[in-house]
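Below, each chain spelled out in residue letters.
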Amino acid sequence: NDSTPQFSPDGRWVIYSNYSGKPTLWKVSIDGGARVQLTDKYSAWPAVSPDGRLIACEYQAGANAPSKVALFPFEGGEPVKILEIPTDNFNVLRWTPDGRALSYIARAGGGSNIWTQPLDGGNPAPLSDFKALRIFNFAWSRDGKQLAITRGTTTTDVVLIKEFR
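How each quantity is defined
- Residues numbered from 1 in each chain as written.
- Predicted model: local features only at pLDDT ≥ 70, side-chain atom pairs only at ≥ 80, totals over all residues.
- Heavy atoms only, no water.
- Helix = DSSP H or I, 4+ residues; strand = E, 2+ residues; numbered from the N terminus.
- Contact = heavy atoms within 4.5 Å.
- Areas by Shrake-Rupley, 256 points an atom, 1.4 Å probe, with all protein chains shown as cover.
- Lys, Arg positive; Asp, Glu negative; His and termini not counted.
- Charge placed at Lys NZ, Arg CZ, Asp CG, Glu CD.
- Patch = residues over 30% accessible without salt bridge, like charges linked within 9 Å, V, L, I, M, F, W, Y side chains within 5 Å.
- Salt bridge = Lys/Arg side-chain N within 4 Å of Asp/Glu carboxyl O.
- Buried < 20%, exposed > 50% of the residue type's maximum accessible area, 1.4 Å probe, protein only.
- Pairing = 2+ DSSP bridges.

Counting its secondary structure elements, the protein contains 0 helices and 14 strands. The order of helices and strands in the protein, counted from the N terminus, is β-β-β-β-β-β-β-β-β-β-β-β-β-β. If you line up the protein on its principal axes, its C-alpha atoms span 55 × 45 × 30 Å. Long-range contacts, defined here as pairs at least 24 residues apart, represent 26% of the contacts in the protein between residues at least 6 apart. Accessible surface, the protein as shown: approximately 10,000 Å² in total, 51% of it carbon and sulfur. Side-chain charges of the protein comprise 18 positive and 16 negative groups, with the mean position of each set lying 3 Å from the other.

Below is the structure:
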């Protein structure tokens, strides 16, 4: 029931989602020992900040609450900030390398693009301007000057089989 592991920047901890019941965030030392629960509300898809002080994740305050993005202290506890980020793909939530913003995929029209949401309260801004195709995943270069992006289409077919024996 554990998934989506992320290392802390110092390489000493693994942060992950546990899906026993509602998803919650946990951490464990790379040296072993007891795991530590970080959240008690719905929280999944952790992303650790470059300085290791915060964890961003998908968050729901209650059973029927909409998904938002919460920033939790690395030690756990209550969110220090909650953001409404317009994405339906929280598993591809990334910190910018400077730690000042979160980047995410937003779909609109015929395609999807990478956007950033500054943590200081500024307005979200697009980083790409694709008119077609879907972005599946992306990663920042360490220096923050480049993005690697996987894009394409999803094709599905419906087949009707009659008189199957």
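It is worth spelling out a nonpolar patch on the surface at this point. Nonpolar side chains collect at one region of the surface, where Val 159, Ile 161 and Phe 164 lie side by side and expose about 400 Å² of accessible area between them. Summarising the element assignment, Ile 161 is placed in the segment after strand E14 (147–152). Classification of Ile 161 by relative accessible area gives exposed; the value is 59%.

Another point: the sheet that holds strand E3 (residues 24–29). Taken in spatial order, the 4 strands of this open sheet run E1-E2-E3-E4, and their pairing is antiparallel. In this open sheet, the two edge strands, each paired with only one partner strand, are strand E1 (2–7) and strand E4 (36–37). Inspection of the sheet shows E1 paired to strand E2 (residues 13–18) by 4 bridges, in the antiparallel sense. From the neighbouring strand, Asp 2 faces E2, where its bridge partner is Asn 18.

Let's shift gears to the environment of Lys 22. Assignment of secondary structure puts Lys 22 in the loop between E2 and E3. Separated by 41 residues in sequence, Lys 22 and Ala 63 place their C-alpha atoms 9.3 Å apart. The residues touching Lys 22, leaving out its near neighbours within four places in the chain, are Asp 40, Lys 41 and Tyr 42.

Taken together, the 4 strands give an open sheet; going across it, the order is E9-E10-E11-E12, and neighbouring strands pair in antiparallel fashion. Bordering the open sheet on either side are strand E9 (94–95) and strand E12 (125–126), each of which pairs with just one other strand. Where strand E11 (residues 111–118) meets E12, 2 bridges bridge the pair, whose relative direction is antiparallel. Residue pairing for E12: Thr 116 is matched across the bridge by Ala 125.

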